[in-house]
Structure formats: structure tokens, C-alpha cells
Amino acid sequence: MQKRLNPATNHVDFDAILNYADVTQDYNPIHVDKEFAARSPMGGIIAHGTMSLALIWQALKNTHGADILDRVNLDIRFVSPVRIDDTVTGGGELQLDSDSVYDVWVKNQNDQTVIKGTATIKAANG
Amino acid sequence: MSEEAVFTYDHYEPGKLYGSSEFTVDEKTVAKWRSVYPADNDPGLMPAGMTAMISVDAILTHQSPRPSGGVHGGQSFDMHRMPRIGETLITEVRCINKEIRKGRKWAYSQTRTTSKDTGELLFTGIMTSLVAE
């Protein structure tokens, strides 16, 4: 099992957030309404957490191919918000002494973790 | 629950099935997804990131309207087979747990997504929500 996942990167501008809201039909004002978001405790627009989660799936696919996606158990926490014009990268490293469990993450351009968790590759017949 | 009633912490009942949603993985939706993620271009295969979209949409359909200020704190997925473009999916929504930790109210909503045609289990998910007051 490859020790380091091939990373996947995405630049999150406001248009991308609006496009994501359109495809998911999630128009929570914290994601799409700049005035509302500015008045909220977040102090401005944040991207949908699941928007960045997609990068972990891409990193797994980039490394092992699409077939492996049928055998993944993914467990993550959203730990920090993603802001407009952040560039986020998803990746991961195989845990020490493991041949099936990756510590996975998404980090922004400042190396701040925004998502972290694990991805376990299940046996092919499991 | 009436349409006006807000779905609060008290409405989460561990073990309760709240309903199911149907979603067809159509070319139009996949094209929209690929406008955000051009790399998700495997022929015939639903982009994996759409699992979250399907799960969250089903939960928000059956456990809503929610008070503003809630947080999507965590998410898990157990994949069995990635859906294919053209396939119709059924997603059940169930509450599996809730708890108060350090004064914060957490709810755990499980989704179970199957193929409408075959009944085959495709993936399950658990959404962890910090419930707003």
C-alpha cells in the first residue's frame, strides 16, 4: 500500500461555493449570503464542509484508482472553516505499522488543517 | 410534525426512522458536479464526493427545518459500491444516538443508501451534528 496519498487541490473562490450550493441545493446563508455571514459568529462566508471532503475521495482515487472507492470506510471531522479564496489540499499518510488505514486530512494554503480523520481500505472480499 | 415546527434536539429519537429520499444520478447533476470538480470524470461512475451531497440532502429533508447556527461536526461513510450514473438510489434516514457533552447537544443521523432496482446496499453514512438552540 502506497504510504502517502497523491494529493488533490482545489481553489475555493465565491463562484465555486455558489456552484457547489447549486449542485447540492444547500443554500444555507452562511455559505452564500455575504451580509448574513458577516453578521454571524463566523464573521464571513465559509464554504460547505463537504465541498472540501471531496478532495479526500480524489486523493484516494488518485493513488489507488476508482475501484478502491468501493472498499473505503471514511471517518472525518470538520475542524476549521474554509474561506473564500482559500486553496485547500486533501491527502493522507498510511498509519505506522498499518497496511490499510490512512490518516487523512484537508489543509489550507497556510498548512492549517480543516478536515482530519481516517480512511480504512477494506479487504477486497470484505 | 407540522411544517412550521422547528426540528430541535428533542425531536431526535434514537432508533427512529424518519423517512427515505429518492435520487437519480442523472447526467445533468453529474455535469454540474464536474463543473466544480473537473477531475471527477470517471466514465459511468458517480463522483465519490456526491455521497455527502446525497446523505446530507436526505437528512435535511427529513430532519428539518433546523434552527440556524447548527454545525456539521463530522461525517463517516462505509462504502460497498459506488453508484453509477443513471442509477436511482433510495436513502433512509435514522437517528442512532444523541448526547450532551460539555453542555453541547450532539445528534447522530445515519443514512443507508441502496439501489432502487436491486436493493443492493451501496453505502451508509453517519452525520454528526452540533444542534443549535
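Cut-offs and rules
- Residues numbered from 1 in each chain as written.
- Chains lettered and ligands numbered in written order.
- Predicted model: local features only at pLDDT ≥ 70, side-chain atom pairs only at ≥ 80, totals over all residues.
- Heavy atoms only, no water.
- Pairing = 2+ DSSP bridges.
- Helix = DSSP H or I, 4+ residues; strand = E, 2+ residues; numbered from the N terminus.
- Salt bridge = Lys/Arg side-chain N within 4 Å of Asp/Glu carboxyl O.
- Buried < 20%, exposed > 50% of the residue type's maximum accessible area, 1.4 Å probe, protein only.
- Phe/Tyr/Trp six-rings, centres within 6.5 Å; stacked < 30°, edge-to-face > 60°.
- Contact = heavy atoms within 4.5 Å.
- Polar contact = N/O pair within 3.5 Å; in protein donor to acceptor, adjacent residues only side chain to side chain.
- Axes fitted to C-alpha atoms, helices over the stretch in contact; angles between N-to-C directions.
- Parallel < 35°, antiparallel > 145°, perpendicular 65-115°, else oblique.
- Left-handed = near helix turned anticlockwise from the far one by under 90°.
- Nonpolar A, V, L, I, M, F, W, Y, C, P; charged D, E, K, R; others polar.
- Expected span 1.5 Å × (residues − 1).

## Examining the pairing of strand β5 (residues 113-121) of chain A
Residues and elements named next belong to chain A.
Here is step 1 of the chain: Bridge count between strand β2 (residues 72-78) and β5: seven bridges; the pairing is antiparallel. Bridge pairing in β5 places F78 opposite I115.
Here is step 2 of the chain: Two strands pair when backbone bridges link them, and strand β4 (residues 101-107) and β5 are joined in this way by seven bridges, in the antiparallel orientation. Opposite Y102, over in β5, you have A119 as the bridge partner.
Here is step 3 of the chain: Here β4 folds back onto β5, and the loop between the two strands holds five residues, one of which, D111, carries a positive phi near 65°.

## Structural notes on the pattern of salt bridges
Here is step 1 of the chain: The final tally for this structure, using the stated rule, is 10 salt bridges over all chains.
Here is step 2 of the chain: Two residues, K61(A) and D42(B), come together in a salt bridge whose shortest N-O distance is 2.7 Å. Taken together, the positions of K61(A) in helix α4 (residues 49-64) and D42(B) in the loop between α1 (27-36) and α2 (50-62) put the pair across two chains.
Here is step 3 of the chain: On the accessibility criterion, D42(B) (22% relative accessible area) is partly exposed.
Here is step 4 of the chain: Several salt bridges converge on common partners, so that one network encompasses R81(B), E87(B) and E120(B).

## A closer look at the packing of aromatic side chains
Here is step 1 of the chain: The full count for this structure, using the stated rule, is six aromatic pairs over all chains.
Here is step 2 of the chain: Consider the rings of F7(B) and Y18(B), whose centres lie 5.7 Å apart with planes at 70°: the pair is edge-to-face. In this pair, F7(B) sits in the segment before β1 (17-24) while Y18(B) sits in strand β1, placing the two residues 11 residues apart along the sequence. Both residues of the pair, F7(B) and Y18(B), count as buried.
Here is step 3 of the chain: Each ring, one from F77(B) and one from F123(B), has its centre 6.2 Å from the other, and the planes form 70°; the classification is edge-to-face. On the criterion of sequence distance, the pair formed by F77(B) in strand β2 (residues 71-79) and F123(B) in strand β5 (residues 121-130) is long-range, its members being 46 residues apart. Of the two residues, F77(B) and F123(B), both sit in the buried class.
Here is step 4 of the chain: Following the ring pairs from residue to residue traces out a cluster consisting of Y20(A), W33(B) and Y37(B).

## Description of the interface of chain B and chain A
Here is step 1 of the chain: Facing the 28 residues of chain B at the interface are 27 residues of chain A.
Here is step 2 of the chain: At the surface where chain B touches chain A, the tally comes to 12 residue pairs in polar contact (both at pLDDT 80 or more).
Here is step 3 of the chain: Mapped by element, the contributors of at least two residues to the side of chain B that touches chain A are α1, α2 and β2 of chain B.
Here is step 4 of the chain: A total of eight residues in the side of chain B that touches chain A trace back to one element, the largest contributor, which is β2(B).

## Some thoughts on the packing of helix α1 (residues 14-24) of chain A against α1(B)
Here is step 1 of the chain: Running from N to C, α1(A) and α1(B) point in directions that differ by 160°, and their axes come no closer than 9 Å. Here α1(A) is positioned roughly antiparallel relative to α1(B), judged by the angle of their axes. Both α1(A) and α1(B) take part in a crossing whose hand is left-handed. Here A16(A), N19(A), Y20(A), D22(A) and V23(A) of α1(A) lie close against α1(B), whose contacting residues are T29(B), K32(B), W33(B) and V36(B).
Here is step 2 of the chain: Along the lines of polarity and charge, the residues of the contact of α1(A) with α1(B) split into five nonpolar, two polar and two charged.

## Focus: α2(B)
Here is step 1 of the chain: Relative to the 18 Å expected for 13 residues at 1.5 Å per residue, α2(B) spans 19 Å between its end C-alpha atoms, a close match to the ideal helical length.
Here is step 2 of the chain: Listed as buried for α2(B) are M50(B), T51(B), A52(B), M53(B), I54(B), S55(B), V56(B), A58(B) and I59(B).

## A word on unusual backbone geometry
Glycine aside, residues mostly have negative phi, and peptide bonds are mostly found in the trans state.
Here is step 1 of the chain: The amide bond that connects S64(B) to the next residue, P65(B), takes the cis arrangement and shows omega of 0°.
Here is step 2 of the chain: Although it is not a glycine, D85(A) adopts a positive phi angle of roughly 75°.
Here is step 3 of the chain: Along the chain, the position of D85(A) falls in the loop between β2 and β3 (86-94).

## Structural notes on the environment of S21(B)
Residue and element names in this part refer to chain B.
Here is step 1 of the chain: Here S21 shows up in strand β1.
Here is step 2 of the chain: Put simply, S21 and T113 are 92 residues apart on the chain and 9.2 Å apart in space, counted from C-alpha to C-alpha.
Here is step 3 of the chain: In this structure, S21 is in contact with A58, T61, H62, L89, I90 and T91, ignoring residues within four places of it in sequence.
Here is step 4 of the chain: Side-chain polar atoms of S21 contact the side chain of H62, separated by 2.9 Å.

## What about the sheet that holds strand β3 (residues 88-101) of chain B?
Here is step 1 of the chain: The strand order across the open sheet built from 10 strands is β1(A)-β3(A)-β4(A)-β5(A)-β2(A)-β2(B)-β5(B)-β4(B)-β3(B)-β1(B), with neighbouring strands paired in antiparallel fashion. In this open sheet, the two strands that pair with only one neighbour each are β1 (8-12) of chain A together with β1 of chain B. Across the sheet, the axes of successive neighbouring strands diverge by a mean angle of 20°, strand direction being ignored.
Here is step 2 of the chain: As paired strands, β1(B) and β3(B) are joined by seven bridges and run antiparallel to one another.

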